[in-house]
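So the chains spell out like this:
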Amino acid sequence: MGDKMYNGLTEKEVIDNRKKYGTNDVSKAKTNSFFSLLIDTLADPIIKILLIALAIKTIFLFKNFDWYETIGIVIAILFASLISTISEYGSEKSFQKLQDEVSKVKCKVIRNGKKIEIPMNDVVVDDIVSLETGDKIPADGIIVKGNISVDESSLNGESSEAYKESVISNNIIKDKNRVYKGSVVYSNSALMKVTSVGENTFYGKIALELQEKKPETPLKLKLRSLAGFISKIGYIGAFLVFFSYLFKVVVINNNFDIELIRQMVTNFPLITGHILYALTLCVTIIIVAVPEGLPMMITLVLSSNMKRMLKDNVLVRKLVGIETSGNINILFTDKTGTLTKGKLELKKIISGSLNEYKNEVELAKKNKYYNIVKLSCIGNNSSSYDDNKIIGGNITDRSILKFFKNDNIKIKKQKEIPFDSKNKYSITRIDDVNYIKGAPEMLLNKCVNYYDEFGTLKKIESISKLQSKINTNTKNGIRVLVLATSFGSIESISNLNFVGILLIKDDIRKEAKEGVKLVKGAHIKTIMITGDNKDTAISIGREVGIYEEGDLVLTSEELNKLTDDELKSKLMNISIVARSLPTDKSRLVRISQELDLVVGMTGDGVNDAPALKKADVGFSMGSGTEVSKEASDIVILDDNFMSISKAILFGRTIFKSIRKFIIVQLTINMCALSLSIIGPFINIEMPITVIQMLWINMVMDTLAGLAFSFEPPIIEYMSEYPNKKDTPIINKYMLNQIFFTGIYSSLICILFLKLPFIKQLFRADKYLYTAFFGLFIFIDIFNSFNARTNKLNLLSNILKNKVFIFIMLFIVTIQILLIYYGGELFRTSGLSIFEFEIMILFAFSVIPFDWIRKLVLNKKGKNTGV
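A short tour of the structure in this document, coming up. (Residues numbered from 1 in each chain as written. Predicted model: local features only at pLDDT ≥ 70, side-chain atom pairs only at ≥ 80, totals over all residues. Heavy atoms only, no water.)

## Overview of the overall build of the protein
Tallying secondary structure elements over the protein gives 31 helices and 27 strands in all. Here the contacts in the protein between residues at least 6 apart in sequence split such that 73% fall between residues at least 24 apart. In the form shown here, the protein has an accessible surface area of approximately 38,600 Å², with 58% of it arising from carbon and sulfur atoms. (Helix = DSSP H or I, 4+ residues; strand = E, 2+ residues; numbered from the N terminus. Contact = heavy atoms within 4.5 Å. Areas by Shrake-Rupley, 256 points an atom, 1.4 Å probe, with all protein chains shown as cover.)

Here it is, written out as structure tokens:
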């Protein structure tokens, strides 16, 4: 039957079928608009506290409204939200470009009796699609003419090709007659009739499954916990300030005289005014306690690192995916293309005499034998040369053909039996000789003779030696094929003549071993999931460093025999899951998350998408399917495991950067909080003007956040244990530094303002208050150096963060200019050199103080750092 028997649909039928059955578009996860992403960022726990404080300030204190402070908070909220939104929206647009390119792929259909090319998305039910080697199948359907071998690995995880043939009767349709959207034609050609399109395809149904809500990220959980912690501090501080202010004005100012106190309390207008002012102080304290620069800093550190990671072939689709990758406790990784190159190579050919040939030059020395081997390899092969380029066929055939140079030999094939995953062999008849290639278990025992190096047939004395050679190589992770010939009927597989053994291997990536070593050194449990058999999987696992003696290796069948509780108890002992099925990945993710582990999952196929979506961090491969990329958080553009380890390192660096910034923010906040609480009792009111506070907030929030956003990824971070999901964002080391340095900074500020001998060092109060303004800023600068590292050497790795150096120099320069030229606007008066030195000396004292604190922690063995 020719193509003319299938005239295809008319234009009217195409329109009718599209209306009736829908389009071939697969519903993608709804792309968020810029506005919806902006709204999402306002759900950040810290931003919520700021919004609540802003609302209280607006509603209750409108009469004495502090516009400068309010504008500062609004700017902090908008800046953080906008940067986050712009970064994620830009990343989504970049990703959408990749997806749009894929959607432009075309296929060949027969319509109105003519073969035409149309975009895949324009295919409709009942279309007749022409399939050829290398084509991607555009929809689900049945083969109505011809037969093909297809790669369905992206759908079912099976690495071997599947043989598909035309239906005999429309009433009896078997799986061997069905083809599925997303699979690829390995060899031959056929016509298919489309039965399902779009969301009704197997591919589409998996895409719909991806609409599930992603689990909350560890960072969001930690920020919620931090928000609760800060809220408590703010509320306690607010209560203490409220109490201390009223105690001062009602009790202390009345010299503890009960009668005067009673008169003041009963004077309703007077006491109401004091209560309202105390409430003003309370809101101020809550705002002071909240590190309003934190959301902006987190956004800055995530977005800046996103751009840096792109240079390392890591495309971050979702910003929080970067930080989450640093918290991974368990990582499930594919083998093919991630740990291995994903490119098969014919390494050796072994003759029946057990001689080994590593290349064509060595083999060509045995002229007659060489001709038999070459004809077996290039004659019985679905790939071919187009000039010097290999086209068509599957990856196995292409690797075999690549072993031989292109001699432009014309081969006349009399008859062919294509590879069938059931029979596991292919046959081509050339010059009345059947050239056979297939699995050892199907062919070896049927061999009775072998070709020696002179091309002479000799009787096989013992199959066991050949079988032993095959077993040894299979256990070493090498794929083995057998070549043979026969002279009878092409349908008869018996009395074969052994030609040779082909040793084919997918080499381990050079960087994979180092990447696995880094990940395992980072105390991340790594499990390889592969479709290979146990022996091959163990060999590759051992070579790459995932498998060690005593580790548990399970097949999918063995895995599914375990109950959930049994699997949980064995999980951390498993290093390989062999002969895996798509459902295994989703189950492993679920079990791991039930154990409160942060899960990383790699994948490239449609079948991997649900597991990628469910995992805390989904790593899809650049060469993978569109559905897998859409389900993932991070796309590894070079399919390289080393890039995954880099993502983990960046994630850990980001989390540490956030913690360092929190130290600086909360230390200075604690200083301000202490002054606000203690001040009323010792007649100190905060000698900082509103304009000065705006500059301090800019230093504390924007500039400090920017400085810590560019902290370098240091390889030693990979030797640390990952954080658990419920690990607080503030650890004991941080609490120690915030508390002691915060108290010390408060003490410096109080002594600076209250000690008579210090006042005498300044010419007048205006110079003292100018110096105090400078003191506050320089304490923050020196504390930034203290927070950068837990080492005694404050300049450790400082040159790797040139942005930090530049910003600190910028702050120092601006602060000096404000001291000497700020005038009435900043209420500053130029200090003498001596006064400036006193100010710097007091501020600098936080460095030796913190150095002693670190030294004490070192001796106690508690200097864990951030």
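Read on for the rest.
## Some points on helix α30 (residues 833–844)
With twelve residues, α30 should cover 16 Å at 1.5 Å per step; its first-to-last C-alpha distance of 16 Å lies within 8% of that length. Along α30, the residues that are buried comprise Glu835, Phe836, Ile838, Met839 and Ala843. The arc that holds the buried residues of α30, viewed along the axis, is 160°, so those residues lie on one side. Turned more than 90 degrees away from the buried face of α30 sit Ile833 and Leu841, all of them exposed. (Expected span 1.5 Å × (residues − 1). Buried < 20%, exposed > 50% of the residue type's maximum accessible area, 1.4 Å probe, protein only. Arc of directions from axis to C-beta.)

## Here we look at helix α31 (residues 846–860)
Under the 1.5 Å per step criterion, the end-to-end length of α31 is 21 Å for 15 residues, consistent within 8% with the ideal 21 Å. Within α31, burial applies to Val846, Ile847, Asp850, Arg853, Lys854 and Leu857. Along the axis of α31, the buried residues cluster in a sector spanning 120°; they form a single face. Buried residues belonging to α31 abut α26 (732–754), α28 (765–788) and α30. Positive phi appears at Gly861, one or two residues downstream of α31, with a value of about 70°.

## Details of the pairing of strand β3 (residues 128–131)
Side chains of β3 alternate between two faces, with Ile128 and Ser130 and Val129 and Leu131 buried alike. Across three bridges, strand β1 (residues 106–111) lies against β3 in antiparallel orientation. When the bridges of β3 are listed, Lys108 appears paired with Ser130. Direction of pairing for β3 relative to strand β8 (residues 190–196): antiparallel, over a ladder of four bridges. (Pairing = 2+ DSSP bridges.)

## Comments concerning the pattern of salt bridges
A side chain with one charge can pair with a side chain of the opposite charge if their charged atoms come near. Applying the stated criterion across every chain, the model contains 34 salt bridges. Residues Glu711 and Lys660 are paired through a salt bridge, measuring 2.8 Å at the closest nitrogen-oxygen approach. Pair noted here: Glu711 is in the loop between α25 (690–709) and α26 and Lys660 is in helix α24 (residues 641–678), with a separation of 51 residues, a long-range link. For the residue pair Glu711 and Lys660, the accessibility class agrees, reading buried in each case. Linking Arg853 and Asp850 is a salt bridge whose minimum nitrogen-to-oxygen distance equals 2.7 Å. (Salt bridge = Lys/Arg side-chain N within 4 Å of Asp/Glu carboxyl O.)

## Some details on the side chain of Arg853
Inspection of the secondary structure assignment puts Arg853 in helix α31. A distance of 3.2 Å separates a polar atom in the side chain of Arg853 from a polar atom in the side chain of Gln737. At 2.7 Å, the side chain of Arg853 forms a polar contact with the side chain of Asp850. Setting aside chain neighbours within four positions, we find Arg853 in contact with Tyr733, Asn736, Gln737, Phe740 and Thr741. (Polar contact = N/O pair within 3.5 Å; in protein donor to acceptor, adjacent residues only side chain to side chain.)

## Focus on unusual backbone geometry
Here the phi dihedral of Asn255 falls at roughly 55°; this positive angle occurs in a residue that is not glycine. For Asn255, the position within the fold is in the loop between α7 (218–252) and α8 (258–266).

## Thoughts on the packing of aromatic side chains
Under the criterion given, the structure shown has 17 aromatic pairs. Between Phe752 and Phe842, the aromatic rings sit 5.4 Å apart at their centres with planes inclined by 80°, giving edge-to-face as the arrangement. Residue Phe752 is located in helix α26, and its partner Phe842 is located in helix α30; the two are separated by 90 residues in the primary sequence. For Phe752, a relative accessible area of 0% translates into the label buried. (Phe/Tyr/Trp six-rings, centres within 6.5 Å; stacked < 30°, edge-to-face > 60°.)

## Points about the sheet that holds strand β27 (residues 634–636)
Read from one edge to the other, the open sheet built from eight strands follows the order β9-β27-β26-β25-β10-β22-β24-β23, with strand pairing classed as mixed. With partners counted over all chains shown, the strands left at the sheet margins are β9 (314–316) and β23 (552–555), one partner each. When strand polarity is set aside, the average angle formed by the axes of neighbouring strands in this sheet is 20°. Across the sheet, helix α18 (residues 534–544) lies against β22 (525–529), β23 and β24 (574–578), angled at about 140° from β24, the strand it touches most. (Axes fitted to C-alpha atoms, helices over the stretch in contact; angles between N-to-C directions.)

## Considerations on the environment of Ser130
You can see Ser130 is positioned in strand β3. On the basis of relative accessible area, Ser130 is assigned to the buried category, the value being 5%. Separated by 15 residues in the primary sequence, Ser130 and Lys115 have C-alpha atoms spaced 8.1 Å apart. Excluding residues within four positions of it along the chain, Ser130 makes contact with Lys108, Lys115, Asp135, Ala190 and Leu191. A polar atom in the side chain of Ser130 sits 3.4 Å from the side chain of Lys115.

## As for the packing of α28 against α30
It is at 8 Å that the axes of α28 and α30 come closest, and there the two elements cross at 35°. Where α28 crosses over α30, the two elements pack in a sense that is right-handed. Residues Tyr767, Ala771, Gly774, Leu775, Phe778, Ile779 and Phe782 of α28 lie in contact with α30, whose contacting residues are Glu835, Phe836, Met839, Ile840, Phe842, Ala843 and Phe844. A class-by-class count of the residues in the contact of α28 with α30 yields twelve nonpolar, one polar and one charged. (Left-handed = near helix turned anticlockwise from the far one by under 90°. Nonpolar A, V, L, I, M, F, W, Y, C, P; charged D, E, K, R; others polar.)

## Here's the deal with a positive patch on the surface
Residues Lys341, Lys343, Lys402 and Lys510 make up a contiguous surface patch of positive charge. Its location among the elements puts Lys341 in strand β11 (residues 340–350). (Patch = residues over 30% accessible without salt bridge, like charges linked within 9 Å, V, L, I, M, F, W, Y side chains within 5 Å. Lys, Arg positive; Asp, Glu negative; His and termini not counted. Charge placed at Lys NZ, Arg CZ, Asp CG, Glu CD.)

## What about the packing of α24 against α28?
Relative to each other, α24 and α28 sit at 145°, their axes nearing to 9 Å. Of the two possible hands of crossing, α24 and α28 adopt the one that is right-handed. The residues of α28 that touch α24, namely those facing Lys660, Ile663, Val664, Thr667, Ile668, Cys671, Ala672 and Leu675, are Phe772, Phe776, Ile779, Asp780, Asn783, Ser784, Ala787 and Arg788. Along the lines of polarity and charge, the residues of the contact of α24 with α28 split into ten nonpolar, three polar and three charged.

## Things to note about the environment of Thr536
Residue position: Thr536 is located in helix α18. By relative accessible area, which is 10% here, Thr536 ends up buried. Between the alpha carbons of Thr536 and Asn476 there is a distance of 6.3 Å; along the sequence they are 60 residues apart. With near-sequence residues (within four places) excluded, Thr536 lies in contact with Thr474 and Gly477.

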